[in-house]
Each structure stands twice: as C-alpha cells, then as structure tokens.
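So you can see what is in the structure, the chains are spelled out below.
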Amino acid sequence: MNVEVNIPVADLRSKQPRFRGMESGHRACLGCGEALAARLVMESAGPDVMLANATGCLEIFTTPWPESAWRVPWMHSLFENTGAIASGMEAAMKAQGKSTKVIAMGGDGGTFDIGFQALSGMLERGHNVMYVCYDNEAYMNTGIQRSSSTPHAAMTTTSPPGKERMGKRHLKKDIVSIVAAHHIPYAATTSVAYPSDIRKKVRRAMEIDGPTFLQIHCPCPLGWGHEGDQSIAVARLAVETGLFPMIELERGGLVGAVPIRNPKPVEEYLQQQQRFRHLFTDDVRAQQELEHIQAIANHNIEIYGLRGGDKDNFDSEGMDTVKRGGLRWG
C-alpha cells in the first residue's frame, strides 16, 4: 500500500544539517583561524566540488595518514604547482562534460611565493577554478619563517628584531591587486572574523564561470603569539584598523569594500600579538615603526574609501550581527 506523505520543504530544510566538506576531529592547533576558514568555505561551496590542496598547515593537519578530514574528492599538490594541478582537474571535468567545481587551496607561502607562477598561469588561461588563499602571514607549518605576506615590522624566525632592523623591513605583498591585474572575473579579500562575508563571497565566486580568487585573513595563535580563544577578536581588529581591507574586484576594478564604522589605532591590533612586542619598547625605532604602520592603515582607509557611516548594517561592526530570526547579511 502506497501512502503519500507531504512534508513542507521549509520544515525539511530547517531540520537538515549543513553539509560539511571538512569534518571535525582534525589536528589543527587550538584557535586555528585557517581551520575555521576552510570549514566556512566548504559549507558555502557545497558537495559538488573537488579540491587541490597545496602543501602546508591545512594539508598536514587534515590528512595524517591514514586519516582524512575531507568529505569530497581531494588531491595533495606540491607547494609550487597547485594552480597547475587544479587546471588539469578542471580540464578533465570539462572533457567529461561534468559541472563539478574545482577549488584550489593554499597558504600564503604556496600562493604569494612558491606557487605564484602556476597560479598566474591558471588565471591567465581562464580555467574555471576558485582559488582560496588562507593568509596567516608566514610559513607557519615549517617554523614561522617570513613570507612575502608577512606584515612590515613583524617578528618571525627569519626576520628577528635586532640592531640592524625592527623585524621584517619589507611591506606585505598586495597579492589581490596582482591577481586582479590578470583581468579575472572576480577577486576578493575577506576575514575569518566575518563568516557571513566569507559565505557571500564564496557563493559569488562559485556562480562564476572562470577563474576567481579569495584571500582570507586567518590568525595563527602559534605564529602570531596570542591565545587561541582570541583569534576572532584579533582578526576583527586587523579589519577595524584598516590594515586588512575587505574588498571586491571585477576585471581588475574595485566594485565593493566593507566600510569601517569607527577606525581603531593600529596599536590595539599590534599589542595583542607577541610578533610585534618589540614595537612597544623604549627603542626610538619602535615609535617610528608604529607611525609607519599607522600610515599604512590610513592609506588603505583612504584609497579604498573605508570610512563608513553611522550604524550602517553593512559596515565592520554591523554586517555580521545576528538579527531577529537568525538572519545575517551574507
């Protein structure tokens, strides 16, 4: 006997758990910003995806043999060839007439530095791949060495403060502008402190047929020198000071930016991290570097138009607030 059962779609969806492309139980450090960012990306991207993952923290802590935290097809690429591996995966899907989206993932070392050549080729050729860079601003997996993403004046094992200089003397590479110069359809920056912004930008990138790029700012408690339960607070300060602008670019042009309601002084961000502790000493150079870093933040605020209006729901303070009914902007 066949019995017809009518279940309201709204009720079914409310009871259905979110898809988790990256499962819990992996071996990331407590408070790892990268682990949270990757989980948010996978929840937003959905199940019909396959991944190319560069060597680095994410690859190491999610796939200790014989275990894996991934619930989708996943391939370990080398530091230097993630863009090439993802290009081949995308070409294979296209040849088979499949719509499965290819996502490439790497840290700042595998994106800004070692893997940039392959990434540039992937973008220039127009492969339908979403590339996600988890930016924790150093080579954390191999001992906290500086990368070209490491901020000016930060302390790492290869840029220690001393008589010659106050930490790293070079500026953080503007990777999103370099990527956008390839005239790709979409490139954006976002932060693990703003989950709804990550979801919004991942969904936007997934809808595009062509290469897209996301740079997600992810604190590393071990490398940055803060407690694990402070990762989100520290990441939020990076945005609220103007040191990490959250922007969107299409075909190389700026089309959106998250405004800052009340810009905060950079000291509030820097004081939370041991990697900048040498800037809070009696050394006269320390004050000069603080002024330099504040100038960098001020420059970002001006060129991206980050000064927001009062109580704007879409600014740095209001955009991720949970509203009545549990709804968020993203």
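Before reading further, recall that the structure is shown in the block above.
Nothing here was measured: the structure is a model prediction, and the numbers come from that model.

**With respect to helix H4 (residues 82-95)**
Taking 1.5 Å of rise per residue, the 14 residues of H4 would be expected to cover 20 Å, and the 20 Å separating its terminal C-alpha atoms lies within 8% of that figure. Every buried residue of H4 is accounted for by Thr-82, Gly-83, Ala-86, Ser-87, Met-89, Glu-90 and Met-93. Mapping the buried residues of H4 onto a view down its axis gives an arc of 165°, with all of them on the same face. On its buried side, H4 packs onto strand E1 (49-53), strand E2 (74-76), strand E3 (101-107), helix H6 (116-125) and strand E4 (129-135). Downstream of H4 by one or two residues, Gly-97 has phi in the positive range, about 70°.

**Quick look at the environment of His-170**
Mapped onto the elements of the fold, His-170 is located in the loop between E4 and helix H7 (175-180). As a C-alpha pair, His-170 and Thr-281 span 111 residues in sequence and 21 Å in three-dimensional space. Residues contacting His-170, with those up to four places away along its chain left out, are Arg-146, Thr-150, Pro-151 and His-152. A polar contact of 3.1 Å, which involves the side chain of His-170, links it to the side chain of Arg-146.

**Points about the sheet that holds E3**
As summarised here, the arrangement of the 8 strands in space is E2-E1-E3-E4-E6-E5-E7-E8, forming an open sheet in which the pairing is mixed. The strands lining the two open edges of the sheet, one partner per strand, are E2 and strand E8 (253-257). For this sheet, the mean inter-axis angle between neighbouring strands, taken without regard to orientation, is 20°. The strands touched by H4 are E1, E2, E3 and E4; relative to E1, the strand with the most contacts, the crossing angle is about 155°. Against the sheet, helix H8 (residues 195-207) touches E1, E3, E4, strand E5 (186-191), strand E6 (212-217) and strand E7 (247-250), its axis set at about 165° to E5.

**Focus: the pattern of salt bridges**
Across all of its chains, the model carries 16 salt bridges by this definition. The closest approach of N and O atoms between Arg-39 and Glu-43, which form a salt bridge, is 3.4 Å. On the criterion of helical spacing, the pair formed by Arg-39 and Glu-43 is a turn pair, its members being 4 residues apart in helix H2 (residues 33-45). Accessibility expressed as a relative area gives 15% for Glu-43, which makes it buried. We note a salt bridge from Glu-248 to Lys-200, for which the minimum N-O separation is 3.1 Å. Residue Glu-248 is located in strand E7, and its partner Lys-200 is located in helix H8; the two are separated by 48 residues in the primary sequence. Looking at Lys-200, the relative accessible area reads 24%, which means it is partly exposed. Sharing partners across several salt bridges, the network here consists of Asp-135, Glu-137, Lys-172 and Arg-275.

Quick notes on the rules
Residues numbered from 1 in each chain as written. Predicted model: local features only at pLDDT ≥ 70, side-chain atom pairs only at ≥ 80, totals over all residues. Heavy atoms only, no water. Helix = DSSP H or I, 4+ residues; strand = E, 2+ residues; numbered from the N terminus. Expected span 1.5 Å × (residues − 1). Buried < 20%, exposed > 50% of the residue type's maximum accessible area, 1.4 Å probe, protein only. Arc of directions from axis to C-beta. Contact = heavy atoms within 4.5 Å. Polar contact = N/O pair within 3.5 Å; in protein donor to acceptor, adjacent residues only side chain to side chain. Pairing = 2+ DSSP bridges. Axes fitted to C-alpha atoms, helices over the stretch in contact; angles between N-to-C directions. Salt bridge = Lys/Arg side-chain N within 4 Å of Asp/Glu carboxyl O.

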